[in-house]
Amino acid sequence: MEANAIVLDDTAGDVIVVVVEGEHDIYTAPTLRERLDEALSHGGGIVVDLTAATFVDSSVLGALLDARRRALESSQGFVVCVGDTVEPGVQRILDITGLVPVLPVMRGRDEAITAARTNGGPDIAAG
Amino acid sequence: MSELAPPAEVVLNMPARAEGVGVVRQALAGMADALAFDAAVLSDMKMAVTEACTNVVVHAYEEQAGQLEVEMLAGEEDLTIVVRDHGAGIQPKPARTGPPALGLGLPLIAALSDAFELRGTAGRGTEVRMTFAYVREEDPAEANPVPGQVGADGRWEPGEPPA
C-alpha cells in the first residue's frame with residue numbers, strides 16, 4: 001500500500017470523496033491537483049478527507065483553494081473533513097491560515113458528505 | 001533528553017528538487033528525536049522548514065536546478081535551522097512550472113518559528129535562518145499571525161487579516 005496515497009472514493013454516489021493519506025507537499029501537490037480535477041469532473045459534490053493525512057503544507061492548501069473556487073463556480077459543494085483524531089500539524093496550518101470556516105473544514109466524513117451534497121453553490125462560504 | 005546525544009551540527013546538501021523536501025523533514029525528525037522537543041514545536045518546525053525548502057525548489061533557480069542546503073545547529077535551549085540557496089537572491093522568481101504559489105511561505109515561517117531572519121542579495125542566493133526553542137513559553141503564531149484571507153473570488157489575498 002502506498003504511504004502517501006490520494007484515492008477517490010465514489011461509494012457515496014453523487015459526492016466524490018478525495019481521501020488524502022500520509023505526507024503531502026510540493027512533491028505530491030500535482031497529483032492532488034489531478035485527483036481534485038478528476039473529482040470535479042464528476043459534477044457532484046466534493047469532500048476532501050484529511051483524517052489520515054499526517055502532514056500538509058501551503059502547496060496543498062493552494063490545491064484545495066483552487067478546487068474549492070472551481071467547485072463553487074460550477075455550484076458543486078466542497079467540504080474538507082479531518083476526523084476526530086486529526087494530526088495536530090494538519091489542524092495547525094488550517095487554524096493559523098484562517099481556512100477552517102472558509103474551506104470549510106468539518107469533523108466527520110458523513111457530516112461532510114451531507115454538507116457537500118446540500119450546500120453546493122456560493123452560500124457555502126457563509127457556513 | 002535522550003541518552004544518545006545528537007550531533008551538534010548536521011548539514012544536508014542536495015539538488016533543489018521537490019522530492020528532496022520530504023527528505024529534509026525526515027532528517028529533521030530524526031535529529032529532533034534525539035533532542036527534548038515538545039511535539040507541537042516539532043510539528044511547527046517541520047512545517048516552517050518545508051516552506052523554506054519549497055521556496056528554494058520553486059523560486060531560487062532558473063531552468064538549471066541548483067543546490068538546496070540545510071544546516072541544523074543544536075544549541076543548549078534551541079535548534080537553529082538554516083535553509084540556503086545559491087540562486088537569484090531575495091526577490092523570488094516566478095514559479096518555473098505549475099500554478100502560482102499562495103505567498104504563504106514566509107508568513108508561515110514567521111508564525112511558526114521563535115525567531116526568523118531572511119538574508120539575501122541579488123544574484124548571490126538567499127538564506128532563511130529559523131530558531132525553535134525546545135520548550136516554548138508562548139505560541140509565536142500569536143505574535144506573528146499569518147496575514148491574508150480568501151477573497152470573494154475564492155483566491156488567496158496576502159495582506160492584513162480582517163480586524
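Just above sits the structure.
Residues numbered from 1 in each chain as written. Chains lettered and ligands numbered in written order. Predicted model: local features only at pLDDT ≥ 70, side-chain atom pairs only at ≥ 80, totals over all residues.

### What to know about unusual backbone geometry
Where the residue is not glycine, phi is negative for most of them; where a peptide bond is considered, it is trans in most cases. All names here are of chain A. The amide bond that connects L103 to the next residue, P104, takes the cis arrangement and shows omega of -15°. Following the sequence through the fold, P104 ends up in the loop between helix 3 (88-96) and strand 7 (105-106). Positive phi values are uncommon outside glycine, yet S75 reaches one of about 55°. Inspection of the secondary structure puts S75 in the loop between helix 2 (58-73) and strand 6 (78-81). (Helix = DSSP H or I, 4+ residues; strand = E, 2+ residues; numbered from the N terminus.)

### Topic: the interface of chain A and chain B
Between chain A and chain B, the contact holds 24 residues from the first and 30 residues from the second. Elements with a contribution of two residues or more to the side of chain A that touches chain B: helix 2 and helix 3 of chain A. Per-element tally for the side of chain A that touches chain B: the top contributor is helix 2 of chain A, with nine residues. In terms of residue class, the side of chain A that touches chain B is built from 11 nonpolar, six polar and seven charged. (Contact = placed C-beta atoms within 7 Å. Nonpolar A, V, L, I, M, F, W, Y, C, P; charged D, E, K, R; others polar.)

### What to know about the sheet that holds strand 1 (residues 9-15) of chain B
Residue and element names in this part refer to chain B. Overall, antiparallel pairing links the five strands, which are arranged 1-2-3-5-4 in an open sheet. Lying at the two open borders of the sheet, with one neighbouring strand each, are strand 1 and strand 4 (115-120). Strand-to-strand twist in this sheet, taken as the mean axis angle between neighbours without regard to direction, amounts to 10°. Here strand 4 pairs with strand 5 (residues 126-133) via six bridges, running antiparallel. The residue of strand 5 that forms the bridge with A115 is T131. Each of strand 1 and strand 2 (67-74) touches helix 1 (residues 19-33); the most contacted strand, strand 1, lies at about 170° to it. (Pairing = 2+ DSSP bridges. Axes fitted to C-alpha atoms, helices over the stretch in contact; angles between N-to-C directions.)

### Some thoughts on the pairing of strand 2 of chain B
Two faces belong to every sheet, and in a regular strand the side chains alternate between them. All names here are of chain B. As judged from the seven bridges shared by strand 1 and strand 2, these two strands associate in the antiparallel manner. Within strand 2, the position partnered with E9 by the bridge is L73. Relative to strand 3 (residues 78-85), strand 2 runs antiparallel, the two being bridged by seven bridges. The residue bridging E71 from the neighbouring strand is V82, located in strand 3.

### Notes on helix 1 of chain B
For helix 1 of chain B, which comprises 15 residues, the first-to-last C-alpha distance of 22 Å matches the rise-based estimate of 21 Å (1.5 Å per residue) to within 8%. Among the residues making up helix 1 of chain B, those that are buried are G20(B), V21(B), G22(B), V24(B), R25(B), L28(B) and A32(B). For helix 1 of chain B, the secondary structure elements touched by its buried residues are strand 3 (22-24) of chain A together with strand 1, helix 2 (39-60) and strand 2 of chain B. (Expected span 1.5 Å × (residues − 1). Buried ≥ 20, exposed ≤ 12 C-beta atoms within 10 Å, placed from the backbone.)

Keep in mind these numbers describe shape, not what the thing actually does.
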